[in-house]
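The primary structure of each chain is shown beneath.
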Amino acid sequence: MLITLRDVCSIAEQNNMAVAAVNSASLEAIRAAIEVAEETGYPIIIQHAEGHEDLIPLKYVAPIVTSLAERSSAQICFNLDHCEHVAYAHRALDEGFTGVMFDGSYLPYEQNVEYSQSVSQMCHEYGAGLECELGSMGSREGGESDEGGTADEAGAIYTDPDQAAEFLKATGADILACSFGTVHGLYKGEPHLNFDILTEIRKRVKNVPLVMHGGSGVSDDDYRKAINAGIRKVNYYTYGVKYAGEAACKMVDEKRAAKADSVIYWHDFTPVAYKSFRETFEHIVRVFANGSDPLHVN
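## Quick word on the packing of aromatic side chains
Phase 1: All told, the structure shown has 7 aromatic pairs when counted by the stated rule.
Phase 2: For the ring pair Y239 and Y243, a centre distance of 6.1 Å and an interplane angle of 70° mean the geometry is edge-to-face. Of the two residues, Y239 and Y243 are both situated in helix α9 (residues 238-258); the distance of 4 residues between them amounts to about one turn of the helix.
Phase 3: What makes Y239 buried here is its relative accessible area of 12%.
Phase 4: One Lys or Arg, R31, reaches over the ring of Y274 and ends 3.8 Å from the middle of that ring.

This is the structure we're talking about:
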């Protein structure tokens, strides 16, 4: 069943857990996400990023996800991820999305507020939830820093706790993505998360659900610490597709090792990717559940 971004984060808040938010750049990932949610009993957020329009256009991914989610026994939110254009958010809401993540973090603060207010009004007219981002993770969505290459903490700006409270009051956003040491893309080294910043943000925003972007590559222990500090949604993409890519490469190597002139068909890749996504998503969903009983998630 389709539920809104507000509702899925409310479930997470009530159960001191976080909901996995995985991107829908392929049918294998969509299928794996829905089946993991159905089998584990935990809700899940399926996302389409504006930056993935060239991988799977909005007009195709929207009917696929909404149709499958409506038929599913699992609680599924369909969220627009890292939307940078108000018109694109409007298109997504028309197509049945139940949440929007508007990313104005790269804009001057006043302009971020202005645009976020517009999207907030639009989301509430559709009955959808709104996520916004404040602070900088040193890289844009897609895994590259502003200078290009692998993302790291260089250029990251922690979210200011007082500004976070002011921002939420001004925009009416339902949940907030904040910067406390994670980055988009692949980490160059071990992530260094500032849980003091996260705790202070949570205090100032009066327990509004918080979001971890750049969630791939973080240790299970740090996930749990972040959840206990108020994270209720974790975006997970880069390492999921990395593992699926590695599994596909391994399959090709094994076929070629067994028979040098083996023909590799495109359909050889899809079950390998699906299996990898299933394993990855099941692991993170259970970690993010933070010990909560799926029978009590309602």
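## Things to note about the environment of C123
Phase 1: You can see C123 is positioned in helix α5 (residues 109-126).
Phase 2: Each C-alpha atom of the pair C123 and H90 lies 8.5 Å from the other, and the pair is 33 residues apart in sequence.
Phase 3: Not counting residues up to four positions away in its chain, the partners in contact with C123 are L93, V100, A128, G129 and L130.

## Let's talk about unusual backbone geometry
Phase 1: Phi is positive for H82, which is not a glycine, with a value near 45°.
Phase 2: Along the chain, H82 turns up in strand β3 (residues 76-83).
Phase 3: The phi torsion at N290 lies on the positive side, around 60°, for a residue other than glycine.
Phase 4: Within the fold, N290 resides in the segment after α10 (269-288).

## Details of the nonpolar core
In a soluble, globular protein the nonpolar side chains are often hidden away together inside.
Phase 1: Core analysis: the biggest nonpolar cluster contains 88 residues, and I44, F180, M212, I231, F281 and F288 have the highest contact counts within it.
Phase 2: If one sorts the elements of this core by residue count, α10 sits on top with 8 residues.
Phase 3: Beyond its immediate sequence surroundings of up to four residues, I231 is in contact with M17, A18, F180, L198, L210, V211, M212 and A226.

## Overview of the side chain of T280
Phase 1: With respect to the helices and strands, the residue T280 is situated in helix α10.
Phase 2: Owing to a relative accessible area of 10%, T280 belongs among the buried residues under this scheme.
Phase 3: Those residues in contact with T280 that lie beyond four places of it in its chain are Y236, G240 and Y243.

## Examining the confidence of the model for the protein
Phase 1: Mean pLDDT over the protein works out to 91, with 89% of the residues at or above the 70 mark.
Phase 2: Counting contacts from residues 142-152, a segment whose pLDDT is below 50, to residues more than four positions away or on other chains yields 24 contacts.

## A word on the pattern of salt bridges
Phase 1: Tallied over the entire structure, the rule returns 15 salt bridges.
Phase 2: The network of salt bridges with shared partners includes R31, E35, E39 and R278.

## Focus on the packing of α5 against helix α6 (residues 161-171)
Phase 1: Relative to each other, α5 and α6 sit at 40°, their axes nearing to 9 Å. Considering the angle they form, α5 stands oblique to α6. Considering the relative orientation of α5 and α6, their crossing is right-handed. Only Q163, E166, F167, A170 and T171 of α6 make contact with α5, whose side of the interface consists of Y109, N112, V113, S116, Q117 and S120.
Phase 2: When the residues that make up the contact of α5 with α6 are grouped by side-chain class, the tally is 4 nonpolar, 6 polar and 1 charged.

## Considerations on the pairing of β3
Phase 1: Of all the 8 residues making up β3, 8 are buried; the element is thus mostly covered by neighbouring parts of the structure.
Phase 2: Two elements, strand β2 (residues 44-49) and β3, share 6 bridges in a ladder whose sense is parallel. Residue pairing for β3: I45 is matched across the bridge by C77.
Phase 3: On the question of chirality, the crossover connecting β2 to the parallel β3 by way of helix α3 (residues 58-71) is right-handed.
Phase 4: Bridge count for β3 against strand β4 (residues 99-102) is 3 bridges, and the pairing is parallel. In the strand pairing of β4, C83 is matched with F102.
Phase 5: Between β3 and its parallel partner β4, the chain crosses via helix α4 (residues 86-94), and the hand of that crossover is right-handed.

## With respect to a nonpolar patch on the surface
Phase 1: On the surface, L27, I64 and L68 cluster together to form a nonpolar patch covering roughly 230 Å² of accessible area.
Phase 2: Note on placement: L68 falls in helix α3.

## Examining the sheet that holds strand β5 (residues 129-134)
Phase 1: With parallel pairing, the 8 strands of this closed barrel are ordered in space as β1-β2-β3-β4-β5-β10-β11-β12. Going across the sheet, the axis of each strand differs from the next one's by a mean of 25°, ignoring polarity.
Phase 2: Pairing of β5 with strand β10 (residues 175-178), which is carried by 4 bridges, proceeds in the parallel orientation. Across the sheet, residue C132 finds its bridge partner in β10, namely L176.
Phase 3: Strand contacts of helix α8 (residues 220-228): β11 (210-212) and β12 (231-236), with the helix running at about 140° to β12, the strand carrying the most contacts.

Analysis parameters
- Residues numbered from 1 in each chain as written.
- Predicted model: local features only at pLDDT ≥ 70, side-chain atom pairs only at ≥ 80, totals over all residues.
- Heavy atoms only, no water.
- Phe/Tyr/Trp six-rings, centres within 6.5 Å; stacked < 30°, edge-to-face > 60°.
- Helix = DSSP H or I, 4+ residues; strand = E, 2+ residues; numbered from the N terminus.
- Buried < 20%, exposed > 50% of the residue type's maximum accessible area, 1.4 Å probe, protein only.
- Lys NZ or Arg CZ within 6 Å of the ring centre and 35° of its normal.
- Contact = heavy atoms within 4.5 Å.
- Core = buried A, V, L, I, M, F, W, Y, C linked by side-chain atoms within 4.5 Å.
- pLDDT = per-residue confidence, 0-100.
- Salt bridge = Lys/Arg side-chain N within 4 Å of Asp/Glu carboxyl O.
- Axes fitted to C-alpha atoms, helices over the stretch in contact; angles between N-to-C directions.
- Parallel < 35°, antiparallel > 145°, perpendicular 65-115°, else oblique.
- Left-handed = near helix turned anticlockwise from the far one by under 90°.
- Nonpolar A, V, L, I, M, F, W, Y, C, P; charged D, E, K, R; others polar.
- Pairing = 2+ DSSP bridges.
- Right-handed = clockwise from strand over helix to strand, strands pointing away.
- Patch = residues over 30% accessible without salt bridge, like charges linked within 9 Å, V, L, I, M, F, W, Y side chains within 5 Å.
- Areas by Shrake-Rupley, 256 points an atom, 1.4 Å probe, with all protein chains shown as cover.

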